[in-house]
Amino acid sequence: MQRPNDWSITDKEKEELEQLVEGFSSLPDEERVAISTPYRAKRIANELIAVGEDGWTQSSHDKNCTLHSRQVDSIGKLFRVTTTLTNTNAEKVLALLQDFQNFPKWNSNVHEIKLIKKMPLNVSIQCMTSKPKAAGMISSREFITAIMTDKEQEDNIYQYGASINWSDHESEKGKVRGFQRIFYLHLQTNKENNSCKFTQFICTEPNGSFPQKLVDSTIGSSVIQNANNIQSQFK
């Protein structure tokens, strides 16, 4: 199986990782990919953010969330959701998202989520199994994602990630492997009103022969549903 993202790191990024991770060059190739993929995702996410609102189009809006989308040639269609979570802060939201055992109890998009392995640079390899979508037309999908959590600033927590292959984890029979082309999350605490701004963008490829309109509609609604699920935990 080929790597979901052909993101060969630059020489500069390799030098940076060698300084940040002891023995990086001597690690097995699969582990280097697991560390470098979210590191590269961070660089790409920051480049997208630097562009500002150029290219983003509002796709949907409800009383809690706003959804935008844009096409990026090197990645695909991105969906970005923003909302404000009340009565909480970035640390509490992150704790909720990292409680994998209870995650499926409140998140209606997720059947199961598991931590496969922790890596240097606060990288974790996770396996998430989604619930069927589009009235069962899109069956349950499995995503193996390397996610890096950046908590250097107390009031601003970031996550960056993308799908990888991991040989120690074999898909169960009947499960279809989907791909996260890129994953970005920013949790920003507002201490004055005890709230947290939630910003997330993703590009997801469910894998399979589906009309693109169906895929876009399903992913867009899932992103909003996910934000609303999180919102419900802090009311």
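How each quantity is defined
- Residues numbered from 1 in each chain as written.
- Predicted model: local features only at pLDDT ≥ 70, side-chain atom pairs only at ≥ 80, totals over all residues.
- Heavy atoms only, no water.
- Helix = DSSP H or I, 4+ residues; strand = E, 2+ residues; numbered from the N terminus.
- Rg over C-alpha atoms; globule rule 2.2 N^0.38 Å.
- Buried < 20%, exposed > 50% of the residue type's maximum accessible area, 1.4 Å probe, protein only.
- Contact = heavy atoms within 4.5 Å.
- Pairing = 2+ DSSP bridges.
- Phe/Tyr/Trp six-rings, centres within 6.5 Å; stacked < 30°, edge-to-face > 60°.
- Lys NZ or Arg CZ within 6 Å of the ring centre and 35° of its normal.
- Core = buried A, V, L, I, M, F, W, Y, C linked by side-chain atoms within 4.5 Å.
- 1 Å grid on protein atoms, 1.4 Å probe; cavity = no way out; pocket = protein on both sides within 12 Å on 5 of 7 lines; lining within 4 Å.
- Points joined across faces, edges and corners; volume = space filled by probe spheres on them.
- Nonpolar A, V, L, I, M, F, W, Y, C, P; charged D, E, K, R; others polar.

What follows deals with the overall build of the chain. The helix and strand tally for the chain stands at five helices and ten strands. The C-alpha atoms of the chain give 17 Å as radius of gyration, which agrees with the globular expectation for 235 residues (18 Å, within 12%). Dimensions of the chain along its principal axes, counting C-alpha atoms only, are 50 × 45 × 40 Å. Taken across its 235 residues, the chain has 51% of its residues classed as buried. For the chain, the share of sequence-separated contacts (at least 6 apart) that also reach a separation of at least 24 residues comes to 57%.

Looking at where glutamine 200 falls in the secondary structure, it is placed in strand S10 (residues 195–205). Assessed through its relative accessible area of 9%, glutamine 200 is described here as buried. With near-sequence residues (within four places) excluded, glutamine 200 lies in contact with Phe79, Arg80, Val81, Phe183, Tyr184, Leu185, Val223 and Asn226.

The subject of this paragraph is the pairing of strand S5 (residues 123–130). Most of S5 is tucked away, with eight of its eight residues classed as buried. Of the two faces of S5, the one carrying Val123, Ile125, Cys127 and Thr129 and the one carrying Ser124, Gln126, Met128 and Ser130 are both buried. Relative to S5, strand S4 (residues 110–119) runs antiparallel, the two being bridged by eight bridges. The partner of lysine 114 across the bridge, within S5, is cysteine 127. The hairpin turn running from S4 into S5, its antiparallel successor, is three residues long, and leucine 121 in that turn takes a positive phi close to 65°. As judged from the seven bridges shared by S5 and strand S6 (residues 141–153), these two strands associate in the antiparallel manner. Considered in S6, the bridge of glutamine 126 is made with threonine 145.

The subject of this paragraph is the packing of aromatic side chains. Within the structure shown, the criterion is met by six aromatic pairs. Summarising the aromatic geometry, the rings of phenylalanine 103 and tryptophan 106 are spaced 4.8 Å apart at their centres and angled 45° between planes, so their arrangement reads as tilted. Of the two residues, phenylalanine 103 and tryptophan 106 are both situated in helix H4 (residues 103–106); the distance of three residues between them amounts to about one turn of the helix. One aromatic cluster is present, built from ring pairs that chain together Trp56, Tyr158, Tyr160, Tyr184 and Phe201. Just above the ring of tryptophan 56 sits the side chain of arginine 70; from NZ or CZ to the centre is 5.8 Å. Positioned over the ring face of tryptophan 56 is arginine 80, at 4.5 Å from the centre of the ring.

On to the nonpolar core, then. Among the nonpolar cores identified, the biggest contains 32 residues, and Val81, Val93, Leu97, Leu187, Phe198, Val223 and Ile230 are the most heavily contacted of them. Take this core: its biggest share by element is six residues, from helix H5 (residues 212–232). Dropping the residues within four chain positions of it, valine 93 is found in contact with Leu85, Thr88, Leu187, Cys196, Ile230 and Phe234. By size, the runner-up hydrophobic cluster in this structure holds 31 residues, among which are Val33, Ala45, Trp56 and Trp166.

What follows is about empty space enclosed by the protein. By rolling a water-sized probe across the atoms, one finds the places where empty space is left. All told, the structure shown has one cavity of 30 Å³ or more when counted by the stated rule. Looking at the largest cavity, its volume works out to about 740 Å³. In this structure, the largest cavity is lined by 35 residues; those nearest its centre are Val110, Met128, Gln180, Ile202 and Asn226. The set of elements that each furnish at least two residues to the lining of the largest cavity consists of S4, S5, S6, strand S9 (179–190), S10 and H5. The dominant element in the lining of the largest cavity, judged by the number of residues it contributes, is H5, at seven residues. Classifying every residue of the lining of the largest cavity gives 18 nonpolar, 14 polar and three charged.

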